[in-house]
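# Structural features, examined
One letter stands for each residue in the lines below.
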Amino acid sequence: MPAVSKGDGMRGLAVFISDIRNCKSKEAEIKRINKELANIRSKFKGDKALDGYSKKKYVCKLLFIFLLGHDIDFGHMEAVNLLSSNKYTEKQIGYLFISVLVNSNSDLIRLINNGIKNDLASRNPTFMNLALHCIANVGSREMAEAFASQIPSILVAGDTMDSVKQSAALCLLRLNRMCPDLVPMGEWTARVVHLLNDQHLGVVTAATSLITNLAQKSPDDFKTAVALSVARLSRIVTSAAIDLQDYTYYFVAAPWLSVKLLRLLQCYPPPEDAALRSRLTECLETILNKAQEPPKSKKVQHSNAKNAILFEAISLIILYDSEPTLLVRACNQLGQFLQHRETNLRYLALESMCTLASSEFSHEAVKTHIDTVINALKTERDVSVRQRAVDLLYAMCDRSNAKQIVAEMLSYLETADYSIREEIVLKVAILAEKYAVDYTWYVDTILNLIRMAGDHVSEEVWYRVIQIVINRDEVQGYAAKTVFEVGRKLIPYQLKACGGYILGEFGNLIAGDSRSSPLVQFNLLHSKFHLCSVPTRALLLSAYIKFINLFPEIKTTIQDVLRSDSQLRNADVELQQRAVEYLRLSSIASTDILATVLEEMPPFPERESSILAKLKKKKGPGGHLPDIDDARRNVNGSTESSENAEASKKGSAHPFTDLLNVSSPPPATNSLLVDVFSDISKPAALEVCEENFSRFVCKNNGVIYEDQLLQIGLKSEYRQNLGRIYVFYGNKTSTQFVCFSSSVTSQDTLTPPQLNVHSKTVDPVIEGGAQVQQIINIECLSDFTDAPVLDISFRYGGTLQNIGVKLPVMLNKFFQPTEMTSQDFFQRWKQLGAPQQEVQKIFKAQHPMDTEVTKAKIIGFGAALLEGVDPNPTNFVGAGVIHTKSTQVGCLLRLEPNPQAEMYRLTLRTSRESVSQRLCDLLSEQF
Amino acid sequence: MIGGLFIYNHKGEVLISRVYRDDIGRNAVDAFRVNVIHARQQVRSPVTNIARTSFFHVKRSNIWLAAVTKQNVNATMVFEFLYKMCDVMAAYFGKISEENVKNNFVLIYELLDEILDFGYPQNSETGALKTFITQQGIKSQSKEEQAQITSQVTGQIGWRREGIKYRRNELFLDVLESVNLLMSPQGQVLSAHVSGRVVMKSYLSGMPECKFGMNDKIVIDKQNKGGSSEEGGKSGKQSIAIDDCTFHQCVRLSKFDSERSISFIPPDGDYELMRYRTTKDIILPFRVIPLVREVGRTKLEVKVVIKSNFKSSLLAQKIEVRIPTPLNTSGVQLICMKGKAKYKASENAIVWKIKRMAGMKESQISAEIELLPTNDKKWARPPISMNFEVPFAPSGLKVRYLKVFEPKLNYSDHDVIKWVRYIGRSGIYETRC
């Protein structure tokens, strides 16, 4: 970079800046700036030609003013002019101004792009660097469109300078992050990999970052990088520190490059080649060995750099999960860190150990540190470290140490930070259930938990206790006794509710004891009745009616309670209704009927624990891992730790069961009565019209519903995960519709919304023969099956009309076509080879088999029709991406017609099972 | 009640910090600096609540005065106190500036001890304060004088001491008004009001009893109804309707409430007798007629005519018209018939100054503004504002009489020399363009 000579210093700028710094008040500063702006405006007026120096000076001043927080709306043109100067400083200021101030939709963007293009082609390394930096700094879509194809060639050209290569690699990385679809993959990728062999370590570092990023997009293209990076890594690791000169940082050889190489390796499964593998193992061993060496410097930078490499190496070892010796060594190394002075190290050690604990090889090794971890839980001052300790305890727990760990967590709960209490509660509840040998211990633990944590206990926890108690005869008596015992104390409402439920069910099991006679039990429950919340009180009322059945001797006492004004005339409708109904039920029904109605609850079907679901929901999938890790793990799902894989599979395979569990609370006793009524009070479910539904799979506009009164037309447009539907309601009669209303309802109200539907209200009156329009906005949150229903109601001639129309919002509407070459297609096709990712269907043609019609249908379906991809020309091949708010799912489809048999074979491969299934169903109905 | 009082310079450094109550901690000083003086966004509200502590501030040139309290106090009381504090400081050492505050360090603390006690405002009358807080330090006083101070501080008439003697009994009365206006481009009055003050300076011997009369509509209507209707319609036209008013503590409010007469024993020296506000029948001294024409994207033509609207025998002074210019102005050409006009880039405005202008005249300025084409952000066209001073009261207020009675000493109303002066100034006097 040419040095800035003294003569280039801008005196005017310096004076201006010192003026501003000397301003006594904000007002004075604003006055000075206004004056300067007016001056620059008069200079830029256009009738005078400015030399490069003054242009630079004024642009600099504008930049300074902008950075002080004032608006600048001129001077862009002058900055763009500076780009064409051949003086470094002028060009530099021009680029600086542009990357700070010009927004992507400016009309100057073409001029700027032109300037950049000239500089890129100039062969002057300084100018090329400036241009590349500008592209990377702006990083907009327009920039990517203009230059994404040009930069790779600069990167791999033989005569490019090292510094330019470095900038080009980083620029490409930035563009790839911003708009991955615009960076073309091609033959240059192979040559990028060879940059790993470059002499210049700066180029290697930049290239490694780029390759790591690109490898996530198309891992196969960069497979060769593994061997190269292992070689590079081993050269760095084994080299004496001084060899690398500039790239030695506090006696550590090229720490950034090492870390990046290790990251890159984490994108791929362990190398197959034995020699390579042993070389890598050797490297990792050397890194672990180095950690044991005494530090070469006392500086914190030295240990930081060393530890950074070590932690990255350990995460690679964990990811490979195949070398027991390395795993154990890593674990021991982390164990040392657990007692390190540095808080950050302790945190990282705990975090890494969490993942180590799930490996079968190192689980035992991790367990040896249990005392240290428990100690950390007790003595650590930083709450985030304690949180990690809790996570680790949770991860290392098994049948042998469950009691100890649960006891420790419970005792920690009392002093725990409020922010993590709820999570700890859930974890304790899960561990207690998972590793319970003795259910009395389980009941004790959970009741203790509820008593201690009180407000932090979510509903699911006590629901689960009840489920378990009801399903296991052997603990019922014990549970009843225990809740009775703890019930004497002042207790949180969950315990109260739980106690009410259990005593209501199994109170008879402990009624033999005179200390817990029916009346005592009842008094116990009722003593704090007035302090409870409404839902708890409702539950207690149900418990009372159960008592009437269990203990006829206290029937009158309970009836008196039910009859009291505070129940019969309670302001809360639910309580009032229960009181009235239970009172009537107890007074008119015979004992037999009572016994049948109020029978003991049948065992609950065994399901996955709702608490586990809650914990997962709380954390989100891999919530604590940074993004890059997440992506990395997805690339090679095979190496994912076994428990995680299992959990996520369960999560995706049964998305509904967990929630069902939560949303149907076990205290269903009352529903015996209430449900009967609630069904009647609900309006009869109206019939949903979906006759035209399937016609809309491949098209967006048309008439969806028509009868003698009303015609409903649709016009819809979709963009990525957003959609907008214009609904036209046409009144076919000559009289007006009044009280017209239409709303969109989702059919499955239980699940979390997968679609976000927002409809504008419509005019309540439609004149005869007129048409009104309604706009419905739809956002796709995650993949879905059920379409929303449009509920329409209006009065026509005094009668209320109700119409339900299924809106043609299908998953394929959020399809974006993707063009790709044959090679790409089959590469991806192979990547999606897992059995649950593919769905295949063979079906008989319902329509004549016309090639053109089929083509039109596939395009209408939303996928890009790829011609000349399949070796068999009669086959149809398509590709696209489903956009939802949470994820994007790539889809590949292949349709093989068999004209002789009039059959089709449709194969769909997507990264998500539910998506594959749904798309296959939708598309197969069309042919 | 006020818990503490801080004075900061423009950088936020604390110049004076006086804490009256224990509930105000030391960190309150920093809290105000961080959240108000150094706030990223300019704080507009004069009252700021930070961590259950209320800060009331006023700014005088570059000095911040902030009163702090944790209680729910009467905010207007606090501001009244702060203004009074400013007046007192100004009376002692002139302009409130960092320099002056630093030089009068001890004096300010002394004043603060005197005018606030445990956070309750005490006597803040400059005249009274000057008798026992002097800039030169306390002179040794004779027994008599000391006794007088006690009787004055504890007595009924705290604002005047006994035994004042003048050879010439003189009295100056100023009616100072500021007229505020917002007018539409078509000349429609959108809002207008006058806020006025009656300021007096009295050099009278003894303990005189004064009575002040003006053309208050209520008083004049009552007189007409009660007695002779000789003046008839004339007085009805001449009277003004006062919307609201406040008085100096010397005025007997009970008498004002019952008879609507203003009678008082005046303090010695300068004081403000009353403040008032009127909104009806305001005489607008000037009319501004703007004409703005946009010629293409790069040029703007502005013509502004001002007309003086009062008796031609009177002279308005210090006239200044401020015409805002667009933010992308790159050059301005000006032609004016009278006075001097200049484009001030630092304020983004054309400033046109005329020294003097008689009534019933008109004058005009025309400007050609060159613009730098920028992306189409529309110019908001801020209003044209005006400053002036006229020798009459735009509200129409007239002093009818000011009578002085001193029963003990032998001088009568006729012996007192009285001077009356009217000054009307512009407040926010704006015309949209």
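The following refers to the structure shown. Fair warning: this is a prediction, and the values are worked out from it, not measured in the lab. (Residues numbered from 1 in each chain as written. Chains lettered and ligands numbered in written order. Predicted model: local features only at pLDDT ≥ 70, side-chain atom pairs only at ≥ 80, totals over all residues. Heavy atoms only, no water.)

## Regarding a negative patch on the surface
Residue and element names in this part refer to chain A.
- On the surface, a cluster of negative charge is made up of D473, E474, E599 and E600.
- Assignment of secondary structure puts E474 in helix 26 (residues 473-487).
- Judged by its relative accessible area of 57%, E474 falls in the exposed class. (Patch = residues over 30% accessible without salt bridge, like charges linked within 9 Å, V, L, I, M, F, W, Y side chains within 5 Å. Areas by Shrake-Rupley, 256 points an atom, 1.4 Å probe, with all protein chains shown as cover. Salt bridge = Lys/Arg side-chain N within 4 Å of Asp/Glu carboxyl O. Lys, Arg positive; Asp, Glu negative; His and termini not counted. Charge placed at Lys NZ, Arg CZ, Asp CG, Glu CD. Helix = DSSP H or I, 4+ residues; strand = E, 2+ residues; numbered from the N terminus. Buried < 20%, exposed > 50% of the residue type's maximum accessible area, 1.4 Å probe, protein only.)

## Observations concerning helix 23 (residues 418-434) of chain A
- For helix 23 of chain A, spanning 17 residues, the distance from its first C-alpha to its last is 25 Å, which sits close to the expected 24 Å at 1.5 Å a residue.
- Among the 17 residues of helix 23 of chain A, 13 are classified as buried, and the element is accordingly described as predominantly covered. (Expected span 1.5 Å × (residues − 1).)

## Considerations on the sheet that holds strand 12 (residues 262-264) of chain B
All names here are of chain B.
- Here 3 strands make up an open sheet; going across it, the order is 12-10-22 and the pairing antiparallel. Each end of this open sheet is capped by a strand with a single partner; those strands are strand 12 and strand 22 (399-405). The sheet shows a mean angle of 15° between the axes of neighbouring strands, taken without regard to direction.
- Here 3 bridges tie strand 10 (residues 209-214) to strand 12, and the two strands are oriented antiparallel to one another. Its bridge partner lying in strand 12, C210 is registered against F264. (Pairing = 2+ DSSP bridges. Axes fitted to C-alpha atoms, helices over the stretch in contact; angles between N-to-C directions.)

## What about the packing of aromatic side chains?
Residue and element names in this part refer to chain B.
- As enumerated under the stated definition, the model contains 29 aromatic pairs over all chains in all.
- With 5.5 Å between their ring centres and 25° between their planes, F32 and F55 make a pair best called stacked. Note that F32 is positioned in helix 1 (residues 27-37) and F55 in strand 4 (residues 53-60), a separation of 23 residues in sequence.
- F55 gets classed as buried once you look at its relative accessible area, which sits at 1%.
- Grouped by ring-pair contacts, the aromatic residues F6, Y8, F32, F55 and W64 constitute a single cluster.
- Here K403 stacks its cationic end above the ring of Y401, 4.3 Å away from the centre of that ring. (Phe/Tyr/Trp six-rings, centres within 6.5 Å; stacked < 30°, edge-to-face > 60°. Lys NZ or Arg CZ within 6 Å of the ring centre and 35° of its normal.)

## Digging into the pairing of strand 5 (residues 63-69) of chain B
Residues and elements named next belong to chain B.
- The element strand 5 is extensively covered by neighbouring structure, given that 7 of its 7 residues are classed as buried.
- Side chains of strand 5 alternate between two faces, with I63, L65, A67 and T69 and W64, A66 and V68 buried alike.
- Here strand 1 (residues 4-8) runs beside strand 5; their pairing, made up of 5 bridges, is antiparallel. Paired with G4 across the strands is V68, a residue of strand 5.
- With 7 bridges connecting them, strand 4 and strand 5 associate as antiparallel partners. Bridge pairing links S54 to T69 in strand 5.
- Once strand 4 ends, the chain turns through 2 residues before running back antiparallel as strand 5, passing S61 with a positive phi of about 45°.

## With respect to the sheet that holds strand 15 (residues 299-308) of chain B
Residue and element names in this part refer to chain B.
- The strand order 14-15-20-17 describes an open sheet built from 4 strands, whose pairing is antiparallel. On the outer flanks of this sheet lie strand 14 (286-295) and strand 17 (329-336), each paired with one strand and no other. Looking at each pair of strands side by side, their axes are set apart by 15° on average, direction ignored.
- Bridge count for strand 17 against strand 20 (residues 362-371) is 7 bridges, and the pairing is antiparallel. When the sheet's bridge partners are listed, C336 is paired in strand 20 with I365.

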